[in-house]
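A look at the structure
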Amino acid sequence: MSNGQCGAEKPLKLTRLSGDVALMPPATLVCNTAEALARLATEAQEASERILKAPLRSLSIGTSYECRGQNHDPEAKLSEHSFANGVDIMGYGFEGRAPIKVGAGLDDAPEATFQAAIRAKACGFFRTVLGPGSDAAHGNHLHLDERERNAGHRLCQ
């Protein structure tokens, strides 16, 4: 797909990941980003069972492919979303319990422990992980991308 400077070669449209985890709405991603998301979902399922005692059934997706500047700034460098190389997780859905929205204010609740575990695991699969507390633009979601950096550097905030 192509849109000016934006686009991706051979993108995938993901609707569901292993373990019957639905992506709502579906995500359009390149292969390596889709693989990283699938690996994270497997870890999230384990954390969900262990910490929340409920199976993970869905990931609420905010943005996957979208041609735009970083943080929606038209003057900024193109976002990794512009290349189907980034995905935003807005929340998590479970079987038998209320969904959790990504964000602060959960204190020491199991939901906070779950979110911290997912974020820590994400840092092992993605080159960029930004979420609540990293900056104002990422206060309500977990931004994950596979941006190439010098010497394999990762940004995990």
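What comes next is a walk through the structure. As the structure is a prediction and not an experimental result, all values here were calculated from the model. (Residues numbered from 1 in each chain as written. Predicted model: local features only at pLDDT ≥ 70, side-chain atom pairs only at ≥ 80, totals over all residues. Heavy atoms only, no water.)

**What to know about helix α2 (residues 110-125)**
Test applied: Here a strand is any run of E in DSSP of at least two residues, a helix any run of H or I of at least four, and the numbering for each starts at the N terminus. Each helix should span, by expectation, one fewer than its residue count multiplied by 1.5 Å. Relative accessibility thresholds used throughout: buried, under 20% of the residue-type maximum; exposed, over 50%; partly exposed, between the two (1.4 Å probe, protein chains only). By definition in these notes, contact holds between two residues if any of their heavy atoms fall within 4.5 Å.
Look at α2: 23 Å from first C-alpha to last across 16 residues, which is about the 22 Å you get at 1.5 Å a residue. Regarding α2, the residues found buried are Ala112, Phe114, Gln115, Ala117, Ile118, Ala122, Cys123 and Phe125. Buried residues along α2 sit against α1 (31-52), β6 (86-94), β7 (100-101), β8 (128-130), β9 (142-145) and β10 (155-156).

**Some details on the pattern of salt bridges**
What counts here: The term salt bridge refers to a side-chain nitrogen of Lys or Arg lying within 4 Å of a carboxyl oxygen of Asp or Glu.
All chains considered together, the criterion is met by eight salt bridges. Between Arg127 and Glu148 there is a salt bridge whose closest N-O contact spans 3.1 Å. Of this pair, Arg127 sits in the loop between α2 and β8 while Glu148 sits in the loop between β9 and β10, and the two are 21 residues apart along the sequence. When its relative accessible area of 22% is taken as the criterion, Arg127 is described as partly exposed. A single network of salt bridges, built from pairs that share partners, joins Arg127, Glu146 and Glu148.

**Things to note about the side chain of Ser82**
Which entries qualify depends on this criterion: In protein, a polar contact means a hydrogen-donor-capable atom and an acceptor-capable atom, both N or O and within 3.5 Å, with residues adjacent in sequence counting only if both atoms are side-chain atoms; elsewhere, any N or O pair within 3.5 Å suffices.
Mapped onto the elements, Ser82 comes out in the loop between β5 (56-61) and β6. Of note is the side chain of Ser82, whose polar atom sits 2.8 Å from the backbone oxygen of Arg68.

**Things to note about the state of the cysteines**
Structurally, a disulfide amounts to a covalent bond that connects the sulfur atoms of two cysteines. Stated formally: Note on terminology: pairs of cysteine sulfur atoms within 2.5 Å are recorded as disulfides.
Going through the model one piece at a time under the given rule, you end up with two disulfides. Each sulfur in the disulfide pair Cys6 and Cys67 lies 1.9 Å from the other. Between Cys6 and Cys67, the S-S torsion sits near 65°, and that sign places the bridge as right-handed. With a gap of 61 residues between them, Cys6 in strand β2 (residues 6-7) and Cys67 in the loop between β5 and β6 connect regions that are remote in the sequence. The exposure class of Cys67 is partly exposed, given its relative accessible area of 35%. The side chain of Cys123 participates in a disulfide bridge whose partner is Cys156; the two sulfur atoms lie 1.5 Å from each other. Between Cys123 and Cys156, the S-S torsion sits near 45°, and that sign places the bridge as right-handed. Remark: Cys156 occurs in strand β10 and Cys123 occurs in helix α2; sequence separation between them is 33 residues. Using a relative accessible area of 17% as the deciding quantity, one classes Cys123 as buried. Cysteine pairing for the chain (bonded cysteines numbered in sequence order): 1-2, 3-4. Not engaged in a disulfide, the cysteine Cys31 finds its nearest cysteine sulfur in Cys6; these two sulfurs lie 19 Å apart. For Cys31, a relative accessible area of 48% gives the class partly exposed.

**Focus: the nonpolar core**
Counted only if it meets this: The set of buried Ala, Val, Leu, Ile, Met, Phe, Trp, Tyr and Cys residues whose side-chain atoms join them within 4.5 Å is what this entry labels a nonpolar core.
If you look at the biggest cluster of nonpolar residues, it comprises 35 residues, and the most contacted ones within it are Leu37, Leu59, Ile89, Tyr92, Phe114, Phe126 and Leu144. Going through the elements one at a time, β3 (12-17), β4 (21-29), α1, β5, β6, α2 and β9 are the ones with two or more residues in this core. Sort the elements by how many residues they give to this core and α1 lands first, with nine residues. Setting aside chain neighbours within four positions, we find Leu144 in contact with Leu40, Asn85, Gly86, Val87, Asp88, Ile89, Ala122, Phe126, Thr128 and Val129.

**Thoughts on the pairing of β6**
For clarity, the cut-off: The criterion for strand pairing is that DSSP finds at least two bridges linking the strands in question.
The element β6 is extensively covered by neighbouring structure, given that eight of its nine residues are classed as buried. Looking at chain direction, β5 and β6 are connected through five bridges and run antiparallel. Considered in β6, the bridge of Ile61 is made with Ile89. Across four bridges, β6 lies against β9 in antiparallel orientation. What sits directly across from Val87, in β9, is Leu144. As judged from the two bridges shared by β6 and β7, these two strands associate in the antiparallel manner. For Tyr92, the partnering residue across the bridge sits in β7 and is Ile100. Where β6 folds back on β7, the antiparallel hairpin that results is connected by five residues, among which Gly96 adopts a positive phi of roughly 80°.

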